[in-house]
Every structure is written in structure tokens, then in C-alpha cells.
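What the coordinates show
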Amino acid sequence: MAVVKTSANSELFRKLPSMDEVLREAAFASLTANYGHELTAGAARKVLGRVRDEIASGLLDASGVDVALSDLGESVEREIRKSLQYSLRRVINATGVILHTNLGRAPLSEAAIEHIRETGASYSNLEFDVAEGERGKRDVHVDGLFRRLLNDDGWDDSREFSTIVVNNNAAAVLLALNTLADGGEVIVSRGELVEIGGSFRIPDVMTKSGALLREVGTTNRTRVSDYANAISERTRLLLRVHRSNFEISGFTEEAPMAELAALARERKIPFMEDLGSGALFDLRSIGINGEGTVGDSLRAGVNVVTYSGDKLLGGPQAGMLSGAPELIARMRSNSLFRALRVDKLTYAALEATLLAYVRRDHDAMPALRMMRLSKEEIGARADALQKRTAGQKIRCETIDGESLLGGGAAPSSVLPTRLLSVTCEDETADELSSKLRASEPPIIARVEDGCVLLDLRTVFPEQDNAIAAALARICISG
Ligand SMILES: *Cc1c(COP(=O)(O)O)cnc(C)c1O
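Being a predicted model, the structure only gives us computed values, none of them experimental.

Each value, and the rule that gives it
- Residues numbered from 1 in each chain as written.
- Predicted model: local features only at pLDDT ≥ 70, side-chain atom pairs only at ≥ 80, totals over all residues.
- Heavy atoms only, no water.
- Near = heavy atom within 4 Å.
- Polar contact = N/O pair within 3.5 Å; in protein donor to acceptor, adjacent residues only side chain to side chain.
- Areas by Shrake-Rupley, 256 points an atom, 1.4 Å probe, with all protein chains shown as cover.
- Helix = DSSP H or I, 4+ residues; strand = E, 2+ residues; numbered from the N terminus.
- Nonpolar A, V, L, I, M, F, W, Y, C, P; charged D, E, K, R; others polar.
- Pairing = 2+ DSSP bridges.
- Axes fitted to C-alpha atoms, helices over the stretch in contact; angles between N-to-C directions.
- Contact = heavy atoms within 4.5 Å.
- Salt bridge = Lys/Arg side-chain N within 4 Å of Asp/Glu carboxyl O.
- Buried < 20%, exposed > 50% of the residue type's maximum accessible area, 1.4 Å probe, protein only.
- Core = buried A, V, L, I, M, F, W, Y, C linked by side-chain atoms within 4.5 Å.
- Parallel < 35°, antiparallel > 145°, perpendicular 65-115°, else oblique.
- Left-handed = near helix turned anticlockwise from the far one by under 90°.
- Disulfide = S-S within 2.5 Å.
- Right-handed = clockwise from strand over helix to strand, strands pointing away.
- Phe/Tyr/Trp six-rings, centres within 6.5 Å; stacked < 30°, edge-to-face > 60°.

1. Observations regarding the site of the ligand
Taken together, Arg105, Asn168, Asn169, Ala170, Ile196, Phe200, His242, Ser244, Asp274, Gly276, Ser308 and Lys311 form the complete shell of residues around the ligand. Between an oxygen atom of the ligand and a side-chain N or O atom of serine 244, the distance comes to 2.4 Å. Within the side chain of lysine 311, a nitrogen or oxygen atom sits 2.8 Å from an oxygen atom of the ligand. Protein coverage of the free-state accessible area of the ligand, which is 380 Å², stands at 94%. When contributions to the shell around the ligand are tallied by element, the ones reaching two or more residues are α9 (169-181) and β11 (271-276). Grouping the amino acids of the shell around the ligand by side-chain chemistry returns three nonpolar, six polar and three charged.

Written out as C-alpha cells, the structure is:
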């Protein structure tokens, strides 16, 4: 803001010390000793600038300026601390959306964090074969685990399928299209030309990969014969894409997976599926149908499946390409792979996550644990919170509701839950939710029909206390 000096405020401006004077004061000597000259001087300049702006806009009178100057040391220290805070920080997810893309998708397991800590803080055998004493490949750390998980009996680690890992599923799709179809055509149903949040659009990725999109069928109906009729000498790939966050209902038809696989086999064209969420865990066990696993797709005859690490898999951000060893080997030797590969921290988190699947310890992954929570377990915690926080100014009740998987998985499937519905005297729902977001850690809630709704399914039980304390602070004390 431009500082306007008038005769009325020039008196006030004269009260302000120079930077030299400020830094010579005793309070500032200790700040400089703790934080160094640059941070202290920078913060002091910022605080003094703010006081100057407030004088110019008539917000401060003489006594206001005196108060601001007497608090100068504290204000500057607050400013320094603020400037040293992390921007990326934890929040409490009370939305009930388990794989919330804006909130970092899947939280990592304890074992994943521990494995990152141990291998990330030290040197590791990332690309070193310890037994042979020679250079190794980073893929080995997870490829064997994927083989065990994707084969039927869990122990057969024959080379039926192999897996490589890249930065995310978008990168996996790009790498696969570029490797298998650069300069040729890829046949896709018009009903699957989707955009997934964050600007991932199938036609755009196709263009970037150098492949040509050959659309077949209509938005609502695509038959196997549509694919068959489109095959020519230019065809390099049949592609199926999971529709993720939208569904087509009504008069619809989709080519059955097994028939498409048979067509691809017969015409000797690879068949790829962008599965998106990519569960390794059978969601039917928690009552969600229609979302197959990666293994289901491979066994149905899909040659390459791409999927995310931080959606239903419950691990770190990553993109997997699993499938026929000869196709995966071609992707591995594409120079794009070198640009899209992941670092040791991702391998560490992924390896720990996959080992939990091998041990069948699904509750080790927070996202899977949250999916498996029963409405009764969530209801008991919501009731306890309700009893603790209900008071004069606050109305809390528990009601039936629905949690969402998120991450584009089974978009119409919901998990029954119990919600804590909170209304607070003197506060609109938007004000209350904004005060919850201003808590430390921030609490992110849903607002529906003038009520703040908290779904404890996505709240770690040890965070229930923080929610009770925040509600008490906001609604009871003021
Ligand atoms: C989520 C999703 C993607 C993008 O995956 P990222 O891991 O976020 O890059 C691509 N395709 C489908 C079908 C998806 O659901």
C-alpha cells in the first residue's frame, strides 16, 4: 500500500524507530542470536511496514502506535516463526472421503513410514546387488512382491506377470501408450474418453504419447464388433479405461472384458486397461461390487494394467504397469521410463505396503482400515464425542450418513456411516467450518443443509480429542 503522509499522521510516523534503532534494542539481540540477522531484520521490516500501512489508512491512533511499538519484539518473533513454518502439514480429514485427492489420498502405514526413515536416512541397496557386489536394478525391490500378489495362490512367483513403477498412474498410461503405440492407432470406446480430476484427459495423454486415438462405439453403447471393425494394419493397441468418477446408466452396453481379450489375442494386438484405482484387495469383502482387482483384469486376459499407488492400494503416490513380461520389458527400456521412474522413498513405502498385503494384514494400511470400519464402530465414537461436546451453545447429534471411497473408485458405492451433525449458536455452518479449518491441526468437515457434518470414518481415533477440544473452544468459550 502506498503510504500517504498527512499532517494528521506525520506525527505518528515520527514515533516509528528506524531499522537500526530497532535492531540495537536488547529484545532484538536475543532474536538475532537465535534466528540470525537476516531473518530478524526481514521480519522487523515486515512488521514495521504493517504498522506504517495501518497509520496511513487511519487504523492506528497515537496510543495504538504505542501498543504496536511495545509489542514489537513479540510481533517480530511471531513473524519469524510463521516464516519458518512448513507449508505442507497434516490436517484432520473429517469429510468421510477416504481417498481424498486434495488431502493427499492414502495415508501411509506405520511400516511404510518406518521403512522410509530407515532406508532414506542412510545409504541403501537401491541399485546394488549386495550378494554379488555389483550394480543392480531398483525394480527388484517390488517386482517379486507384485508377482506373489497378482498370481492366484500367492506363492507362485513364476514370471507370469512383471511390474514396473513410475511417478503416478498418469505417467504409467503415457509410458505404455508411447511404448506400444507411438505413431500407430489406439482403439478406445467413446464412452471411456474421460477426464479424471487434475487435468488428466485420455485424448490429451494420447496426443502427448504420439499415438492416434481411434474412437469407436457411442457414449452409451460400445460392442466388441465396434472394436473388431476398427482394427487395421495401423492398430497398435486396444485400450479400456476405467470411467473413474462418473457412471453411465440406462440404455448402455459395454464389451465384455473376456471377449475383448479374445479379440486382441486373435488379432495379435496388445490389450491394455487403465484401471485407475487398482485394488489388490477384493472390495466385495466390504460389500462393494463392480470394482475388480488388478489380478482379475490380468486373469481375464488384459496384457497390461496401469493403476495408482495411492488410491485403493493404500500406498505412496506411484503408477504401476503390471502385465506380460515381454511388454513390460519394452516399457522398461523406453528412455521415458528413466524420466518417470520413482525414488528410493517411494520404493520403501511401496515395499512395506505390499508386504502388508502378502501378510494379509489389510488393517495396516490406514485407507483399508477405514474402509473396513463398521457403522457401529464409527457410531460409538461419534456418540462419545457428542456426549463430550454437547453444551449450551452447541447442538450435536449423530445421524445416519454415507462415506465415500474417493479416488475415482466405485463412484456410486457408499459406505454406511454415522455422522456427527454440529450446529452452534451465533455461528453459521460456514463460519463454524472455517473456524474448524483454522484449528491446529486444521479440521476439514462437510457442510450440508446448513449443518457441519463430521464423519469419523476418516479421522484417526487418536484425533477425536482434537475435534472435541476444537468444538469446545469454538462454541463454548466463544
Ligand atoms: C486416477 C486415475 C488416473 C490418474 O492417476 P494418478 O495416479 O492420479 O496419476 C488415470 N486414470 C484413471 C482411470 C484414474 O482413475
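Okay, back to it.
2. Considerations on the sheet that holds strand β17 (residues 446-448)
Judged by pairing direction, the sheet is mixed, and its five strands sit side by side in the order β2-β14-β15-β18-β17 without closing on themselves. Single-partner strands in this sheet number two, and they are β2 (97-99) and β17. Looking at each pair of strands side by side, their axes are set apart by 40 degrees on average, direction ignored. As paired strands, strand β15 (residues 414-424) and strand β18 (residues 451-455) are joined by four bridges and run antiparallel to one another. Its bridge partner being in β18, leucine 420 is matched across the sheet by leucine 454. Packed on one face of the sheet, helix α18 (residues 375-389) meets β14 (394-406), β15 and β18 and runs near 5 degrees to β15. The strands touched by helix α19 (residues 429-437) within the sheet are β15, β17 and β18, with β18 carrying the most contacts at an inclination of about 40 degrees.

3. Observations concerning the environment of serine 87
Counting through the fold element by element, serine 87 comes out in the loop between α6 (72-84) and β1 (92-93). Through-space distance from the C-alpha of serine 87 to that of asparagine 9 is 37 Å; in sequence the pair is 78 residues apart.

4. Focus on the pattern of salt bridges
Applying the stated criterion across every chain yields a total of 36 salt bridges. One salt bridge in this structure joins arginine 284 and aspartate 296, with 3.9 Å as the shortest N-O distance. Of this pair, arginine 284 sits in the loop between β11 and α13 (294-299) while aspartate 296 sits in helix α13, and the two are 12 residues apart along the sequence. Owing to a relative accessible area of 29%, aspartate 296 belongs among the partly exposed residues under this scheme. A salt bridge links arginine 299 to aspartate 296; its shortest N-O distance comes to 3.4 Å. One end of the pair, arginine 299, and the other, aspartate 296, are both in helix α13, three residues apart, so they sit about a helical turn from each other. Judged by its relative accessible area of 42%, arginine 299 falls in the partly exposed class. Each of Glu127, Arg135, Arg138 and Arg341 takes part in one network of salt bridges that share partners.

5. Things to note about the nonpolar core
Formed by 55 residues in total, the largest nonpolar core has its most connected members in Phe146, Leu238, Tyr307, Leu313, Met371 and Leu405. Listed in part, the 31 residues of the second largest apolar core include Leu175, Ala176, Ala181 and Ile196.

6. Side note on the packing of helix α3 (residues 26-35) against α6
Any two packed helices are characterised by the angle at which their axes cross and by the distance between the axes. Two elements in contact, α3 and α6, have axes separated by 10 Å at closest approach and are oriented at 15 degrees. Accordingly, the angle class assigned to the pair α3 and α6 is roughly parallel. Seen from above, α3 lies across α6 with right-handed handedness. In contact with Phe28, Leu31 and Tyr35 of α3, α6 contributes Leu72, Gly73, Val76, Glu77, Ile80, Arg81 and Leu84. Residues belonging to the contact of α3 with α6 are distributed by class as follows: seven nonpolar, one polar and two charged.

7. What about the sheet that holds strand β9 (residues 212-216)?
What holds strands together in a sheet is hydrogen bonding between their backbones, with the strands either parallel or antiparallel. Taken together, the seven strands give an open sheet; going across it, the order is β5-β13-β12-β11-β10-β6-β9, and neighbouring strands pair in mixed fashion. One side of each edge strand has no neighbouring strand; the edge strands of this open sheet are β5 (162-166) and β9. The sheet shows a mean angle of 25 degrees between the axes of neighbouring strands, taken without regard to direction. With five bridges connecting them, β5 and strand β13 (residues 319-323) associate as antiparallel partners. Note that in β13 the partner of valine 166 across the bridge is glycine 319.

8. Let's talk about the state of the cysteines
Counted by the stated rule, this structure contains one disulfide. A disulfide bridge connects cysteine 424 with cysteine 475, and the sulfur atoms are separated by 2.4 Å. On the criterion of sequence distance, the pair formed by cysteine 424 in strand β15 and cysteine 475 in helix α20 (residues 464-476) is long-range, its members being 51 residues apart. Like cysteine 424, the residue cysteine 475 is buried in the burial classification. Considering cysteine sulfurs only, cysteine 475 is the nearest to cysteine 396, which forms no disulfide, with 7.9 Å between them. With no disulfide of its own, cysteine 451 lies closest to cysteine 396 among cysteine sulfurs, the gap being 11 Å.

9. As for the pairing of strand β12 (residues 304-308)
Counting buried positions along β12 yields five of five residues, so the element is predominantly enclosed. Going residue by residue along β12, you find Val304, Thr306 and Ser308 tucked away on one face and Val305 and Tyr307 tucked away on the opposite face as well. With four bridges joining them, β11 and β12 adopt parallel strand pairing. Opposite aspartate 274, over in β12, you have threonine 306 as the bridge partner. Handedness of the crossover joining β11 and β12 through α13 is recorded here as right-handed. In the sheet, β12 pairs with β13 via five bridges, with the strands oriented antiparallel. Residue pairing in the sheet places valine 304 in a bridge with glycine 323 of β13.

10. Topic: the packing of aromatic side chains
If you walk through the whole model with that rule in mind, you get one aromatic pair. For the ring pair phenylalanine 146 and tyrosine 307, a centre distance of 6.4 Å and an interplane angle of 75 degrees mean the geometry is edge-to-face. One end of the pair, phenylalanine 146, is in helix α8 (residues 140-150); the other, tyrosine 307, is in strand β12, with 161 residues separating them in the sequence. Per residue, the accessibility class of phenylalanine 146 equals that of tyrosine 307, and both read buried.

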